[in-house]
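Letter by letter, the chains look like this.
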Amino acid sequence: MGFSFALRVITAFLSTRQIAAQLIGKEQTEVHPKLQWKRCTGKGGNSCSNVAGELVIDANWRWLHAKDGYSNCYDGNKWNTTLCPDNKKCTANCALEGEDYSKTYGITAGSNALTLKFVTKGQYSTNIGSRVYLMKDASNYEIFKLIGNEFTFDVDLSQLPCGLNGALYFVSMPQKDMELRVRSYCDAQCARDLKYINGETNSEGWEPSSNDANAGVGRKGACCAEMDIWEANSISTALTPHSCQPEGYSVCTDTGCGGTYLLDRYAGTCDANGCDFNPFRVGVTDFYGKGMTVDTSKPFTVVTQFLGSGANLQEIKRFYVQNNVVIANPEPTIPGIFGNSLTQDWCDREKEVFQEEYGEGHGDGTGACMSLWDDHYANMLWLDSNYPTDADPSKPGVARGSCDVGSGVPADVESQNANAQVTFSNVKFGPVGSTFAQSGGT
Ligand SMILES: *[C@@H]1O[C@H](CO)[C@@H](O)[C@H](O)[C@H]1NC(C)=O
């Protein structure tokens, strides 16, 4: 049995989307940071050519104001009820503004490297984290077909402590969004903290977060399959495909959404937990970290291969390269889980050993997102500490990293680790074997 892994045709769900009617603010001209990457052919990383890409920030981070003035439509974690009595009126009354990426968000890109800074004090507000998408040109996202190919990048997360997550991942996304400001983000948690869903505001029924001054959840959520090739800090890392039914973009409402936002994580149609390969969690506690086999105090290369053909993903393999040495993903050491790559079989065993629920297939993603975030729901403990926190850490699957169970509280990391940052660079994409010289690793 292979992964049941449907390769979605992007246009199939593009056509089901309503024509968005959101408005674009004119106060600040938008200049997208440029990020060059390489498309590879042939073998061993020797035949790669430069591709000029650019980046766009997610709508959630943007200034949203009255279309004919400066009143905030959304301020802190609340909507202005005069401008936003319901989703339709709010969509008609409010405009999303262009942004200065480095000054406001701490996002800088230079030639082939992108740096996301954690806390950025701007003129009007303090920004926390960011989420950007790789684009082909000013108005189209870059779409990656993963199966049969490999995606490679360098990462420096030496300045990313417990509680933070510098992520590079894929979600099914429409190729185009209106002027690229109201990106129809979606993920396998059925994201409900989005200000816009499918071109309309999510202001109705919005509940401001109790512990996040900038966020809340609306009644609607946006679901789609998610391929998390990289969720990591300097302590822990996880490679996690999440499936959804349907795999493409779909909108859920209230308790039907499941995911992060509800006690019943499994109420929705997505696999909220996914099938994660975290070396620490499968027993290899000395593989990834500062001074370890993959030494996170220095930059390194992350290779992810999607073996299979057509719509059938058979296996996901991971390699690291550091100091010109190819490092294979480690073999699990806890009883009952075998193999250093993800297959359906591996995922089934993990589920059995960790006694967890998750969905059937595993999702392919197509649009590339890079983000830096802290976690107002679970303090990132699912990545880098013991989780659930009240479970016995000696029970398989509970220990995921060496961070303290009291770490990762957003108020603490935002004040103590404001200067944290992650840098992604040297992105390469091409057929399996084309982006790096594999000799030495298995
Ligand atoms: C809400 O918007 C209205 C209309 O622009 C404005 O007069 C009012 O001051 C705003 N309220 C808040 C709390 O910002």
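About the cut-offs
- Counting of residues starts from 1 at the beginning of each chain's written sequence and follows it residue by residue.
- Restriction of local features to residues with pLDDT of at least 70 applies here, the model being predicted, together with a cutoff of 80 or more for giving and counting side-chain atom pairs; totals for whole chains, interfaces and linings are based on all residues.
- Where side-chain values are given, they derive from all heavy atoms of the structure, hydrogens and water being excluded.
- Two rings from Phe, Tyr or Trp (for Trp, the six-membered ring) form a pair when their centres are within 6.5 Å of each other. A pair whose planes differ by under 30 degrees is stacked, one over 60 is edge-to-face, and the rest are tilted.
- Only runs of H or I of at least four residues qualify as helices and only runs of E of at least two qualify as strands under DSSP, and these elements are numbered from the N terminus.
- Partly exposed residues are those whose accessible area sits between 20% and 50% of the maximum for their type, while under 20% is buried and over 50% is exposed, using a 1.4 Å probe and protein chains only.
- One heavy atom within 4 Å of a molecule or strand is enough for the residue carrying it to be called near that molecule or strand.
- A 3.5 Å cut-off defines polar contacts: any pair of N or O atoms within that distance qualifies, except that in protein one atom must be a possible hydrogen donor and the other a possible acceptor, and neighbouring residues in sequence count only when both atoms are side-chain atoms.
- Surface accessibility follows the Shrake-Rupley procedure with a 1.4 Å probe radius. Residue values consider only the protein chains on display as shielding.
- Pairing between strands is defined by DSSP: at least two bridges between the two strands are required.
- Put simply, a disulfide is two cysteine sulfurs that come within 2.5 Å.

This part covers the packing of aromatic side chains. Each aromatic ring pair is described using two quantities: the centre-to-centre distance and the angle formed by the ring planes. For the structure on display, the rule yields 25 aromatic pairs. Consider the rings of phenylalanine 144 and phenylalanine 429, whose centres lie 4.8 Å apart with planes at 75°: the pair is edge-to-face. Of this pair, phenylalanine 144 sits in the loop between strand 13 (140-141) and strand 14 (149-156) while phenylalanine 429 is found in strand 30 (residues 421-431), placing the two residues 285 residues apart along the sequence. Take phenylalanine 144 and phenylalanine 429: they sit in the same class, and that class is buried. Seen from their ring centres, phenylalanine 153 and phenylalanine 424 are 5.7 Å apart, and the 70° between their planes marks the pair as edge-to-face. Of the two residues, phenylalanine 153 is situated in strand 14 and phenylalanine 424 in strand 30; the sequence distance between them amounts to 271 residues.

All right, on to the site of the ligand then. With respect to spatial proximity, the complete set of residues near the ligand consists of Ser71, Asn80 and Leu83. Here an oxygen atom of the ligand sits 2.3 Å away from a polar atom, N or O, in the side chain of asparagine 80. Summarising the interface, the protein chains cover 39% of the accessible area of the ligand, which totals 360 Å² for the free molecule.

Turning our eyes to something else, we now look at the sheet that holds strand 7 (residues 94-96). Strands sit in the order 1-7-4 across an open sheet of three strands; the sheet is mixed. Among the strands making up the open sheet, the edge pair consists of strand 1 (23-24) and strand 4 (64-66). Here three bridges tie strand 4 to strand 7, and the two strands are oriented antiparallel to one another. The residue bridging histidine 65 from the neighbouring strand is alanine 95, located in strand 7.

Let us now look at the state of the cysteines. Enumeration according to the criterion identifies nine disulfides in this entry. Paired through a disulfide, cysteine 73 and cysteine 94 show a sulfur-sulfur distance of 2.0 Å. One disulfide, between cysteine 73 and cysteine 94, carries an S-S torsion of -95° and so falls in the left-handed class. Here the residue cysteine 73 occupies a position in the loop between strand 4 and strand 5 (74-75), and cysteine 94 occupies one in strand 7, the gap between them amounting to 21 residues. For the pair formed by cysteine 73 and cysteine 94, the shared burial category is buried. Two residues share a disulfide in this structure: cysteine 252 and cysteine 257, whose sulfurs sit 2.0 Å from each other. Its S-S torsion of approximately 110° makes the covalent link between cysteine 252 and cysteine 257 right-handed. The same class applies to cysteine 252 and to cysteine 257, which are both buried.

From the geometry alone we can't say anything about function, so treat these as descriptive.
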